[in-house]
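Residue-level structure breakdown
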Amino acid sequence: MTPHPVLAHRYAQPEERPGYVKQLFDQGAEHYDPVVGWGFFGTGNLYRKYAQARHGLKPGMNLLDVACGTGLMSVAASQVLGSDKTITCVEPSDGMLAVARKKLPGATFIQSGAEKMPVEDSTQDFLTVGYALRHFADLTGTFREFHRVLKPGGRVLILEATRPAGKIGSWLFKLYFGIVYPFFARLLTRSKKAEEMMVYFWETMDTCVRPEAVVSALKAAGFQDARRIATLGVFSEYVAVKA
Ligand SMILES: C[S@@+](CC[C@H](N)C(=O)[O-])C[C@H]1O[C@@H](n2cnc3c(N)ncnc32)[C@H](O)[C@@H]1O
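Right, let's walk through the structure included here. Please read these numbers as outputs of a predicted model, since none were measured by experiment.

Strand β2 (residues 87–91) sits mainly inside the fold: 5 of its 5 residues count as buried. Across the two faces of β2 the burial is the same, with I87, C89 and E91 and T88 and V90 all buried. As a crossover connection, the stretch from strand β1 (residues 63–66) through helix α3 (residues 72–81) into β2 is right-handed. Taken together, the 4 bridges between β2 and strand β3 (residues 108–111) define a ladder with parallel strand orientation. Considered in β3, the bridge of E91 is made with Q111. Each parallel crossover has a hand, and for β2 linked through helix α4 (residues 94–103) to β3 it is right-handed.

Have a look at this one:
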(Lines give C-alpha, C1' and ligand atoms only; values in the text may rest on other atoms or scores of the structure.)
Protein backbone atom coordinates (compact mmCIF):
# COMPACT_ATOMS: atom_id res chain seq x y z
CA MET A 1 0.00 0.00 0.00
CA THR A 2 1.46 3.36 -1.03
CA PRO A 3 1.16 6.08 1.65
CA HIS A 4 -0.17 8.59 -0.88
CA PRO A 5 -0.96 8.64 -4.61
CA VAL A 6 1.49 9.89 -7.25
CA LEU A 7 1.74 13.70 -7.08
CA ALA A 8 1.77 14.21 -10.85
CA HIS A 9 2.76 17.90 -10.70
CA ARG A 10 6.01 16.80 -8.99
CA TYR A 11 6.96 13.48 -10.64
CA ALA A 12 5.20 11.36 -13.25
CA GLN A 13 5.81 7.76 -12.13
CA PRO A 14 6.04 6.13 -8.69
CA GLU A 15 9.65 5.07 -9.46
CA GLU A 16 10.62 8.74 -9.79
CA ARG A 17 9.47 9.55 -6.28
CA PRO A 18 12.63 8.50 -4.31
CA GLY A 19 14.84 10.66 -6.54
CA TYR A 20 12.47 13.60 -6.25
CA VAL A 21 12.25 13.29 -2.45
CA LYS A 22 16.03 12.87 -2.11
CA GLN A 23 16.85 16.08 -3.97
CA LEU A 24 14.18 17.92 -1.97
CA PHE A 25 15.76 16.92 1.37
CA ASP A 26 19.35 17.26 0.08
CA GLN A 27 18.62 20.86 -0.87
CA GLY A 28 16.51 21.70 2.18
CA ALA A 29 18.74 19.96 4.77
CA GLU A 30 20.51 23.06 6.07
CA HIS A 31 17.14 24.70 6.78
CA TYR A 32 15.34 21.69 8.27
CA ASP A 33 16.19 22.19 11.96
CA PRO A 34 15.40 25.92 12.17
CA VAL A 35 12.18 25.49 10.18
CA VAL A 36 10.95 22.51 12.20
CA GLY A 37 12.01 24.16 15.45
CA TRP A 38 10.00 27.24 14.57
CA GLY A 39 7.00 25.37 13.16
CA PHE A 40 6.44 23.32 16.29
CA PHE A 41 7.21 26.22 18.63
CA GLY A 42 10.38 24.62 19.96
CA THR A 43 8.54 21.62 21.45
CA GLY A 44 9.83 18.99 19.00
CA ASN A 45 12.79 17.64 20.95
CA LEU A 46 10.88 17.36 24.20
CA TYR A 47 7.99 15.61 22.48
CA ARG A 48 10.26 13.18 20.60
CA LYS A 49 12.08 12.34 23.86
CA TYR A 50 8.92 11.98 25.92
CA ALA A 51 7.19 9.80 23.29
CA GLN A 52 10.16 7.41 23.01
CA ALA A 53 10.50 7.08 26.81
CA ARG A 54 6.75 6.64 27.24
CA HIS A 55 6.70 3.79 24.71
CA GLY A 56 9.48 1.86 26.43
CA LEU A 57 12.88 3.11 25.21
CA LYS A 58 15.39 2.39 27.98
CA PRO A 59 19.17 2.68 28.54
CA GLY A 60 21.07 -0.26 27.05
CA MET A 61 18.67 -0.81 24.15
CA ASN A 62 19.71 -0.92 20.49
CA LEU A 63 17.76 1.71 18.57
CA LEU A 64 17.26 1.86 14.82
CA ASP A 65 16.14 5.35 13.81
CA VAL A 66 14.75 5.00 10.29
CA ALA A 67 14.57 8.14 8.12
CA CYS A 68 16.68 9.87 10.77
CA GLY A 69 16.91 13.09 8.74
CA THR A 70 19.04 15.61 10.64
CA GLY A 71 18.94 13.32 13.69
CA LEU A 72 16.19 14.92 15.75
CA MET A 73 14.68 11.58 16.91
CA SER A 74 18.14 10.15 17.63
CA VAL A 75 19.34 13.16 19.61
CA ALA A 76 16.19 12.94 21.74
CA ALA A 77 16.70 9.15 22.08
CA SER A 78 20.32 9.61 23.17
CA GLN A 79 19.03 11.66 26.11
CA VAL A 80 16.85 8.70 27.16
CA LEU A 81 19.54 6.09 26.46
CA GLY A 82 22.29 8.13 28.14
CA SER A 83 24.49 7.75 25.04
CA ASP A 84 24.32 7.61 21.24
CA LYS A 85 26.53 4.51 20.97
CA THR A 86 23.70 2.01 20.59
CA ILE A 87 21.90 4.10 17.94
CA THR A 88 21.92 3.24 14.23
CA CYS A 89 20.54 5.89 11.89
CA VAL A 90 19.14 4.99 8.45
CA GLU A 91 18.64 7.80 5.93
CA PRO A 92 18.88 8.16 2.11
CA SER A 93 19.64 11.90 1.81
CA ASP A 94 23.32 12.98 1.81
CA GLY A 95 22.35 16.46 2.96
CA MET A 96 20.31 15.28 5.94
CA LEU A 97 22.97 12.69 6.88
CA ALA A 98 25.70 15.33 6.87
CA VAL A 99 23.81 17.37 9.49
CA ALA A 100 22.95 14.30 11.61
CA ARG A 101 26.54 12.98 11.70
CA LYS A 102 27.76 16.19 13.37
CA LYS A 103 25.26 15.81 16.22
CA LEU A 104 25.70 12.10 16.91
CA PRO A 105 29.44 11.28 16.94
CA GLY A 106 28.97 7.85 18.55
CA ALA A 107 26.10 6.60 16.38
CA THR A 108 26.30 4.33 13.32
CA PHE A 109 25.01 5.70 10.01
CA ILE A 110 23.62 3.76 7.07
CA GLN A 111 22.70 5.49 3.84
CA SER A 112 19.61 3.62 2.71
CA GLY A 113 15.90 3.79 2.16
CA ALA A 114 13.64 2.14 4.71
CA GLU A 115 12.23 -0.39 2.27
CA LYS A 116 15.33 -2.61 2.25
CA MET A 117 17.94 -1.93 4.91
CA PRO A 118 21.37 -3.56 5.27
CA VAL A 119 20.61 -4.50 8.88
CA GLU A 120 20.82 -8.04 10.32
CA ASP A 121 17.65 -9.93 11.22
CA SER A 122 16.36 -9.69 14.82
CA THR A 123 19.03 -7.29 16.10
CA GLN A 124 17.11 -4.20 17.23
CA ASP A 125 15.21 -3.58 20.49
CA PHE A 126 13.44 -0.44 19.35
CA LEU A 127 12.75 1.14 15.95
CA THR A 128 11.60 4.71 15.39
CA VAL A 129 10.32 6.72 12.45
CA GLY A 130 9.82 10.46 12.90
CA TYR A 131 7.54 12.21 10.40
CA ALA A 132 8.65 10.15 7.40
CA LEU A 133 6.20 7.31 6.74
CA ARG A 134 4.65 9.37 3.91
CA HIS A 135 7.88 8.97 1.95
CA PHE A 136 8.05 5.17 1.99
CA ALA A 137 7.39 3.39 -1.31
CA ASP A 138 5.06 0.86 0.27
CA LEU A 139 3.77 0.70 3.84
CA THR A 140 3.16 -3.03 4.38
CA GLY A 141 6.45 -4.01 2.69
CA THR A 142 8.44 -1.45 4.70
CA PHE A 143 6.76 -2.53 7.94
CA ARG A 144 7.73 -6.15 7.12
CA GLU A 145 11.30 -4.91 6.88
CA PHE A 146 10.93 -3.30 10.33
CA HIS A 147 9.53 -6.58 11.66
CA ARG A 148 12.51 -8.48 10.21
CA VAL A 149 15.18 -6.34 11.94
CA LEU A 150 13.47 -6.17 15.35
CA LYS A 151 14.19 -8.74 18.06
CA PRO A 152 11.22 -10.72 19.40
CA GLY A 153 9.52 -8.34 21.83
CA GLY A 154 11.01 -5.35 19.96
CA ARG A 155 8.89 -2.26 19.46
CA VAL A 156 8.20 0.10 16.62
CA LEU A 157 7.19 3.72 17.25
CA ILE A 158 6.14 5.91 14.34
CA LEU A 159 5.42 9.59 14.92
CA GLU A 160 3.38 11.39 12.31
CA ALA A 161 1.35 14.57 11.87
CA THR A 162 -2.13 13.65 10.66
CA ARG A 163 -4.83 15.79 9.07
CA PRO A 164 -7.74 15.76 11.59
CA ALA A 165 -10.96 13.99 10.58
CA GLY A 166 -13.36 16.83 11.51
CA LYS A 167 -14.14 19.72 9.12
CA ILE A 168 -12.97 22.61 11.31
CA GLY A 169 -9.84 20.81 12.50
CA SER A 170 -9.04 19.82 8.93
CA TRP A 171 -9.48 23.41 7.74
CA LEU A 172 -7.24 24.81 10.51
CA PHE A 173 -4.65 22.13 9.75
CA LYS A 174 -4.66 23.12 6.09
CA LEU A 175 -4.41 26.81 6.93
CA TYR A 176 -1.38 26.21 9.15
CA PHE A 177 0.57 23.54 7.27
CA GLY A 178 -0.55 24.47 3.76
CA ILE A 179 -0.20 28.26 3.92
CA VAL A 180 1.20 29.75 7.16
CA TYR A 181 4.06 27.29 7.70
CA PRO A 182 5.53 27.39 4.15
CA PHE A 183 5.19 31.19 4.10
CA PHE A 184 7.14 31.62 7.35
CA ALA A 185 9.65 28.94 6.32
CA ARG A 186 10.49 31.13 3.31
CA LEU A 187 10.52 34.31 5.40
CA LEU A 188 12.76 32.80 8.08
CA THR A 189 15.29 31.16 5.75
CA ARG A 190 14.99 33.32 2.60
CA SER A 191 15.19 29.99 0.80
CA LYS A 192 12.80 28.78 -1.88
CA LYS A 193 14.10 25.24 -1.24
CA ALA A 194 12.97 25.42 2.38
CA GLU A 195 9.54 26.64 1.30
CA GLU A 196 9.27 23.85 -1.29
CA MET A 197 10.18 21.24 1.32
CA MET A 198 7.37 22.48 3.57
CA VAL A 199 4.84 22.66 0.72
CA TYR A 200 5.67 19.03 -0.11
CA PHE A 201 5.35 18.22 3.61
CA TRP A 202 1.81 19.59 3.43
CA GLU A 203 0.85 17.91 0.15
CA THR A 204 1.90 14.49 1.44
CA MET A 205 0.05 15.00 4.73
CA ASP A 206 -3.05 16.08 2.85
CA THR A 207 -3.06 13.04 0.58
CA CYS A 208 -1.77 10.48 3.11
CA VAL A 209 -3.79 7.34 3.82
CA ARG A 210 -5.90 7.55 6.97
CA PRO A 211 -4.61 6.23 10.33
CA GLU A 212 -6.72 3.04 10.13
CA ALA A 213 -4.80 2.05 6.99
CA VAL A 214 -1.44 2.56 8.74
CA VAL A 215 -2.55 0.37 11.66
CA SER A 216 -3.84 -2.30 9.22
CA ALA A 217 -0.51 -2.26 7.37
CA LEU A 218 1.36 -2.80 10.67
CA LYS A 219 -0.89 -5.79 11.43
CA ALA A 220 -0.50 -7.15 7.88
CA ALA A 221 3.28 -6.96 8.33
CA GLY A 222 3.03 -9.34 11.30
CA PHE A 223 3.07 -6.90 14.24
CA GLN A 224 0.98 -7.40 17.37
CA ASP A 225 -0.85 -4.77 19.47
CA ALA A 226 -0.70 -2.30 16.57
CA ARG A 227 -2.53 0.89 17.46
CA ARG A 228 -2.58 4.64 17.11
CA ILE A 229 -2.51 7.07 20.02
CA ALA A 230 -3.55 10.55 18.91
CA THR A 231 -3.22 13.92 20.60
CA LEU A 232 -5.60 16.66 19.41
CA GLY A 233 -6.39 14.36 16.48
CA VAL A 234 -3.15 15.59 14.88
CA PHE A 235 -0.10 14.10 16.60
CA SER A 236 -0.18 10.39 15.84
CA GLU A 237 1.93 7.80 17.63
CA TYR A 238 1.70 4.40 15.91
CA VAL A 239 3.03 1.62 18.09
CA ALA A 240 3.34 -2.13 17.63
CA VAL A 241 5.32 -5.08 18.98
CA LYS A 242 7.05 -8.04 17.32
CA ALA A 243 5.75 -11.16 19.07
C1 LIG B 1 10.52 15.13 7.58
S2 LIG B 1 12.09 14.35 7.60
C3 LIG B 1 12.08 13.61 9.21
C4 LIG B 1 13.41 13.56 9.88
C5 LIG B 1 13.45 13.10 11.32
N6 LIG B 1 13.05 11.72 11.46
C7 LIG B 1 12.66 13.96 12.25
O8 LIG B 1 11.99 13.42 13.16
O9 LIG B 1 12.72 15.19 12.14
C10 LIG B 1 11.79 12.97 6.55
C11 LIG B 1 13.05 12.18 6.24
O12 LIG B 1 12.69 10.98 5.55
C13 LIG B 1 13.72 10.69 4.64
N14 LIG B 1 13.24 9.75 3.63
C15 LIG B 1 12.62 10.02 2.47
N16 LIG B 1 12.34 8.89 1.81
C17 LIG B 1 12.76 7.87 2.57
C18 LIG B 1 12.76 6.45 2.43
N19 LIG B 1 12.22 5.88 1.38
N20 LIG B 1 13.31 5.71 3.40
C21 LIG B 1 13.85 6.30 4.50
N22 LIG B 1 13.89 7.64 4.68
C23 LIG B 1 13.35 8.41 3.74
C24 LIG B 1 14.07 12.07 4.08
O25 LIG B 1 15.30 12.08 3.39
C26 LIG B 1 14.02 12.92 5.33
O27 LIG B 1 15.26 13.01 5.95
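Before going further, it helps to examine the pairing of strand β5 (residues 150–161). Where strand β4 (residues 124–130) meets β5, 6 bridges bridge the pair, whose relative direction is parallel. From the neighbouring strand, V129 faces β5, where its bridge partner is I158. Each parallel crossover has a hand, and the one from β4 via helix α5 (residues 139–149) to β5 is right-handed. With 7 bridges joining them, β5 and strand β7 (residues 235–241) adopt antiparallel strand pairing. Each residue of the ladder has a partner; that of L157, found in β7, is V239.

So, on to the sheet that holds β2. Pairing within the open sheet is mixed, and its 7 strands lie in the order β3-β2-β1-β4-β5-β7-β6. Two strands close off the open sheet at either side, each with one partner strand: β3 and β6 (224–231). Neighbour-to-neighbour, the strand axes of the sheet open up by a mean angle of 15°, direction not taken into account. Direction of pairing for β1 relative to β4: parallel, over a ladder of 4 bridges. Residue pairing across strands places L63 opposite F126, the latter belonging to β4. Together, β2 and β3 form the strand contacts of α4, whose direction differs from that of β2 by roughly 160°.

Another aspect to go through is unusual backbone geometry. Unlike most non-glycine residues, A67 shows phi in positive territory, near 60°. Checked against the element boundaries, A67 lands in the loop between β1 and α3. If you check the backbone angles, Y131 has positive phi at about 55° while not being a glycine. The residue Y131 is located in the loop between β4 and α5 in this model.

For the ligand, the set of nearby residues contains 22 residues, the closest of which are A67, G69, G130, A132 and H135. At the level of elements, α1 (17–39) and α3 are the ones that each hand at least two residues to the shell around the ligand. In terms of residue count, the dominant contributor to the shell around the ligand is α1 (4 residues). Along the lines of polarity and charge, the residues of the shell around the ligand split into 15 nonpolar, 5 polar and 2 charged.

We now examine the packing of helix α6 (residues 167–189) against helix α7 (residues 192–207). Running from amino to carboxyl end, α6 crosses α7 at an angle of 165°, the nearest separation of the two axes being 8 Å. One way to sum up the angle between α6 and α7 is to call them roughly antiparallel. The hand of the α6/α7 crossing is right-handed. Every residue of α7 that contacts α6 at F177, G178, Y181, P182, A185, R186 and T189 is listed here: K192, A194, E195, M198, V199, F201, W202 and M205. Here the contact of α6 with α7 is built from residues that sort into 10 nonpolar, 2 polar and 3 charged.

Thresholds, definitions, all that
- Residues numbered from 1 in each chain as written.
- Predicted model: local features only at pLDDT ≥ 70, side-chain atom pairs only at ≥ 80, totals over all residues.
- Buried ≥ 20, exposed ≤ 12 C-beta atoms within 10 Å, placed from the backbone.
- Helix = DSSP H or I, 4+ residues; strand = E, 2+ residues; numbered from the N terminus.
- Right-handed = clockwise from strand over helix to strand, strands pointing away.
- Pairing = 2+ DSSP bridges.
- Axes fitted to C-alpha atoms, helices over the stretch in contact; angles between N-to-C directions.
- Contact = placed C-beta atoms within 7 Å.
- Near = placed C-beta within 6 Å.
- Nonpolar A, V, L, I, M, F, W, Y, C, P; charged D, E, K, R; others polar.
- Parallel < 35°, antiparallel > 145°, perpendicular 65-115°, else oblique.
- Left-handed = near helix turned anticlockwise from the far one by under 90°.

Keep in mind these numbers describe shape, not what the thing actually does.
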